[in-house]
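If you want the building blocks of each chain, they are given just below.
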Amino acid sequence: MKNLTKTFFILALGFFFMGCLASDKDMSALKEQMVELNRALATMQANQADLGAKMDELSSDISVNNENLQETNLQLTRLSSKLDDLSIATTAVAQMQAEASAKAVILPTTVFETAKVNLDDKKYDSAIEGFKLYIEKFPEGELVQEAYNLIGDAYFAKKEYKSAAIEYANLIKKYPKSKKTPSYRLKYAKSIIPLNKKTEAKQYLQSIIQDYPKSSEAKVAQRELGKLK
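Model, not experiment: these values are computed from the prediction.

### A few points about helix H3 (residues 108-120)
In a regular helix each residue adds 1.5 Å, so 13 residues correspond to 18 Å; H3 covers 19 Å between its end C-alpha atoms and thus fits that length. Those residues of H3 lying buried are Val 111, Phe 112, Ala 115, Asn 118 and Leu 119. Down the axis of H3, the buried set is contained in an arc of 125°. They therefore lie on one face. On its buried side, H3 packs onto helix H4 (124-137) and helix H5 (144-157). Phi for Lys 122, located one or two positions after H3, is positive at around 65°.

The structure is reproduced here in structure tokens:
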């Protein structure tokens, strides 16, 4: 802007000196140029004022945005603090629940009876899990032997004969003097017949008749032998 004013002044001064020598026609042209220069100068001054107003408006917008950004940062800080508090509270609750669960008393009869109900309702997988839980939690419990037996029954009902045979064989081995040995032998024999182990099945059926001739299992064993002939 200063350069333009200086230029205008120099041109005016030049025109002044030239006016002394210029003709009327030249003076008229010079006056027109002076008018145009004045208009240009006025336009530039107006544009400068408009630019200044826009700069002020932009500065105001930037100031408002900065204030909004500071408010947003403050809100984020508060939110982060609340999330930290929530995380701490959640951890504390989880710990309390874990401690309560660890202190909870599991009654052996409750576990066993729940598994038995599932077995009666033909929910075999749940029953198997329940009996295994009983054996795991109460390995010296009074119903461990029966839990193994009922696990075998659940597998047999599912037609998973190999798994059933393993359970019955385990019973025969762990409890050789049990009063239920004839039943275990009979169940084992019946579970291996579908596995094409008929020779071994016959041996177990015959052992029942020989060792426990007066048992109800002996009569069943005799009928099973008749089917295998």
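Having seen it, we continue.
### Some thoughts on the UniProt feature "repeat: TPR" (unreviewed entry) in the protein
Taking the UniProt record as the reference, the feature "repeat: TPR" (unreviewed entry) is found at residues 145-178. When the span residues 145-178 is considered, its composition is 79% helix and 0% strand, and the gap between its end C-alpha atoms is 9 Å.

### Considering the confidence of the model for the protein
Interpretation of this model should avoid reading the predicted coordinates in detail wherever pLDDT is low. Scored by pLDDT, the protein has a mean of 83; 84% of the residues are at 70 or more. Across the protein, the secondary-structure element scoring lowest on mean pLDDT is helix H1 (residues 2-19), at 50, and the one scoring highest is H5, at 98. pLDDT under 50 marks residues 18-22. Its contacts with residues more than four places away, or in other chains, come to two contacts.

### Looking at the pattern of salt bridges
A pair can form between side chains of opposite charge whenever their charged atoms are brought close. Under the defined criterion, the tally for this structure stands at seven salt bridges. In this structure, Asp 211 and Arg 185 form a salt bridge, with 2.7 Å as the shortest nitrogen-oxygen distance. Taken together, the positions of Asp 211 in helix H8 (residues 198-211) and Arg 185 in helix H7 (residues 181-192) put the pair 26 residues apart, joining distant regions of the chain. With relative accessibility at 16%, the residue Arg 185 sits in the buried group. Among the salt bridges present, the one from Lys 227 reaches Glu 224, with a minimum N-O distance of 3.5 Å. Note that Lys 227 and Glu 224 are positioned in helix H9 (residues 216-228) at a spacing of three residues, about one turn of the helix. Take Glu 224: its relative accessible area is 13%, and that puts it in the buried class. Linked through salt bridges whose partners overlap, the residues forming this network are Asp 125, Lys 158 and Glu 160.

Calculation notes
- Residues numbered from 1 in each chain as written.
- Predicted model: local features only at pLDDT ≥ 70, side-chain atom pairs only at ≥ 80, totals over all residues.
- Heavy atoms only, no water.
- Helix = DSSP H or I, 4+ residues; strand = E, 2+ residues; numbered from the N terminus.
- Expected span 1.5 Å × (residues − 1).
- Buried < 20%, exposed > 50% of the residue type's maximum accessible area, 1.4 Å probe, protein only.
- Arc of directions from axis to C-beta.
- Contact = heavy atoms within 4.5 Å.
- UniProt positions renumbered as here; feature names shortened; annotations may be inferred.
- pLDDT = per-residue confidence, 0-100.
- Salt bridge = Lys/Arg side-chain N within 4 Å of Asp/Glu carboxyl O.

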